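Here are the chains, one letter per residue:
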Amino acid sequence: MSTPTSLFPRKPVLFCDFDGTITLNDNIVAVMKHFNPPGWDEIVKDIIAERKSVKEGVGEMFALIPSSMQNEVRDYILTTAGIRPGFQQLLDWCKAHEVPFYVTSGGIDFFVYPLLEPFGIPQDHVYCNGSDFTGDTIRITWPHDCDAECDHGACGMCKTAVIRRFARDDYYRILIGDSITDFPGAKIVDLVFSRSHLTDRCVQLGLPHVPFETFHDIVSYLDQGGRQS
Ligand SMILES: [Mg+2]
Ligand SMILES: [Zn+2]
């Protein structure tokens, strides 16, 4: 009997977005809406319209919030963020079939790590941005910035740089995501599981994608070797 992974043309590897994908909503937008620092909504509009890079916009938005609010902001996210159904089942599937699973997030360490804590994903499989609360306002740091090959240039956390470490000839690269931080990566993988703006973009560009609602949908698809049953 064939195993699900032998149905793929090459060894599968998964790259999964965090905000709006693993969590039900985008935590950065949720924080801005709740604390409502003057000017944040213009910045979000500029990011969505791609007039401003994710790196620039996210940096500017957090710079609107005083560092003294660190605990309040963190507690707000940790108490309001919900995890999309089936996430644990997807992790279990990856473990059972020895499929590498990476979190590639444009989110920030101070909420990404605590929210993922219950799931036991090794720390070196989680990529996200950093934070510094020592100044007057929150400063975002970029430990995984773009590499020389990224034609995008200002991702903040460069998903394509992480994906490129897994050679196209050896791996069947799968991206899971929902929005703007996933657009560059979607262009270079073999298959996209998409929601929301990412679905629209995949349709526009004719990229191979499967719209999903829960991680259970993804597991049943992976069980068929990435094909529709
Ligand atoms: Mg997202
Ligand atoms: Zn990049």
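Residues numbered from 1 in each chain as written. Chains lettered and ligands numbered in written order. Predicted model: local features only at pLDDT ≥ 70, side-chain atom pairs only at ≥ 80, totals over all residues.

The chain has the name 2-hydroxy-3-keto-5-methylthiopentenyl-1-phosphate phosphatase in an unreviewed UniProt entry, where Cohnella soli is given as its organism. According to UniProt, the comment filed for the chain under the heading Catalytic activity (unreviewed entry) is "2-hydroxy-5-methylsulfanyl-3-oxopent-1-enyl phosphate + H2O = 1,2-dihydroxy-5-(methylsulfanyl)pent-1-en-3-one + phosphate". Within the UniProt record for the chain, the comment given under Function (unreviewed entry) is "Dephosphorylates 2-hydroxy-3-keto-5-methylthiopentenyl-1-phosphate (HK-MTPenyl-1-P) yielding 1,2-dihydroxy-3-keto-5-methylthiopentene (DHK-MTPene)." (UniProt positions renumbered as here; feature names shortened; annotations may be inferred.)

K.L.:
Break down the sheet that holds strand E4 (residues 139-141) for me, citing the residues and quoting the values.
P.N.:
The sheet built from seven strands is open, its strands ordered E4-E3-E2-E1-E5-E6-E7 with mixed pairing. Pairing within the sheet leaves two strands with one partner each, and these edge strands are E4 and strand E7 (209-211). This sheet shows a mean twist of 20° between the axes of neighbouring strands, independent of strand direction. As defined by bridge partners, strand E1 (residues 11-16) adjoins strand E2 (residues 101-108) across three bridges and the pair is classed as parallel. Paired with Cys16 across the bridge in E2 is Val103. (Pairing = 2+ DSSP bridges. Helix = DSSP H or I, 4+ residues; strand = E, 2+ residues; numbered from the N terminus. Axes fitted to C-alpha atoms, helices over the stretch in contact; angles between N-to-C directions.)

K.L.:
How would you sum up helix H10 (residues 215-223)? Please name residues and give values.
P.N.:
The periodicity of an α-helix, 3.6 residues per turn, causes residues three or four positions apart to be oriented the same way. Taken together, the buried positions of H10 are occupied by Phe215, Ile218 and Leu222. In an axial view of H10, the angular spread of the buried residues amounts to 50°, which keeps them on one side of the axis. In this structure, the buried residues of H10 make contact with helix H5 (87-96), strand E5 (171-177) and strand E6 (191-194). Once H10 finishes, Gly225 follows within two positions and takes phi at roughly 70°, a positive value. (Buried ≥ 20, exposed ≤ 12 C-beta atoms within 10 Å, placed from the backbone. Arc of directions from axis to C-beta. Contact = placed C-beta atoms within 7 Å.)

K.L.:
Please give an account of the packing of helix H4 (residues 70-80) against helix H6 (residues 109-116) that cites residues and values.
P.N.:
Where H4 meets H6, the closest approach of the two axes is 10 Å, and the angle between their N-to-C directions is 35°. Where H4 crosses over H6, the two elements pack in a sense that is right-handed. Residue-level inspection shows Arg74, Ile77 and Leu78 of H4 in contact with H6, the latter providing Phe110, Phe111, Pro114 and Leu115. (Left-handed = near helix turned anticlockwise from the far one by under 90°.)

K.L.:
Summarise the nonpolar core; cite the residues concerned and give the values.
P.N.:
Counting 55 residues, the largest nonpolar core has Leu14, Cys16, Ile174 and Val192 as the members making the most contacts within it. Ignoring any residue separated from it by four or fewer positions in sequence, one finds Ile174 in contact with Pro12, Val13, Leu14, Phe15, Val189, Asp190, Leu191 and Phe193. (Core = buried A, V, L, I, M, F, W, Y, C linked by C-beta atoms within 7 Å.)

K.L.:
Break down the environment of Phe15 for me, with residues and values.
P.N.:
With respect to the helices, strands and loops of the structure, Phe15 is situated in strand E1. Taking the number of C-beta atoms within 10 Å as the measure of exposure, Phe15 has 24 and is therefore buried. Separated by 162 residues in sequence, Phe15 and Gly177 place their C-alpha atoms 8.6 Å apart. Other than its neighbours up to four places away in sequence, Phe15 contacts Tyr102, Thr104, Lys159, Val162, Ile163, Ile174, Leu175 and Gly185.

K.L.:
For H6, give the residues involved together with the corresponding values.
P.N.:
Turning to H6, its buried residues number three or more, namely Phe111, Val112 and Leu116. For H6, the arc enclosing every buried residue in end-on projection is 115°, short of the 170-degree limit, so these residues lie on one face. Buried residues belonging to H6 abut helix H1 (27-35), H4, E2 and strand E3 (126-132).

K.L.:
Requested: an account of the pairing of E5, with residues and values cited.
P.N.:
Side-chain direction in a regular strand flips from residue to residue, so the side chains alternate between the two faces of the sheet. Along E5, six of the seven residues are buried, which leaves the element largely enclosed by surrounding structure. Pairing of E1 with E5 involves six bridges; the strand directions are parallel. Each residue of the ladder has a partner; that of Pro12, found in E5, is Tyr172. Alignment of E5 against E6, held across four bridges, turns out to be parallel.

K.L.:
Describe the packing of H1 against H4, naming the residues involved and giving the relevant values.
P.N.:
At a minimum axis distance of 10 Å, the contact between H1 and H4 shows a crossing angle of 120°. Considered as vectors, H1 and H4 are oriented oblique to each other. Both H1 and H4 take part in a crossing whose hand is right-handed. Note on element contacts: H4 touches H1 through Val73, Tyr76, Ile77 and Thr80, opposite Asn27, Ala30, Val31, His34 and Phe35. Here the contact of H1 with H4 is built from residues that sort into six nonpolar, three polar and no charged. (Parallel < 35°, antiparallel > 145°, perpendicular 65-115°, else oblique. Nonpolar A, V, L, I, M, F, W, Y, C, P; charged D, E, K, R; others polar.)

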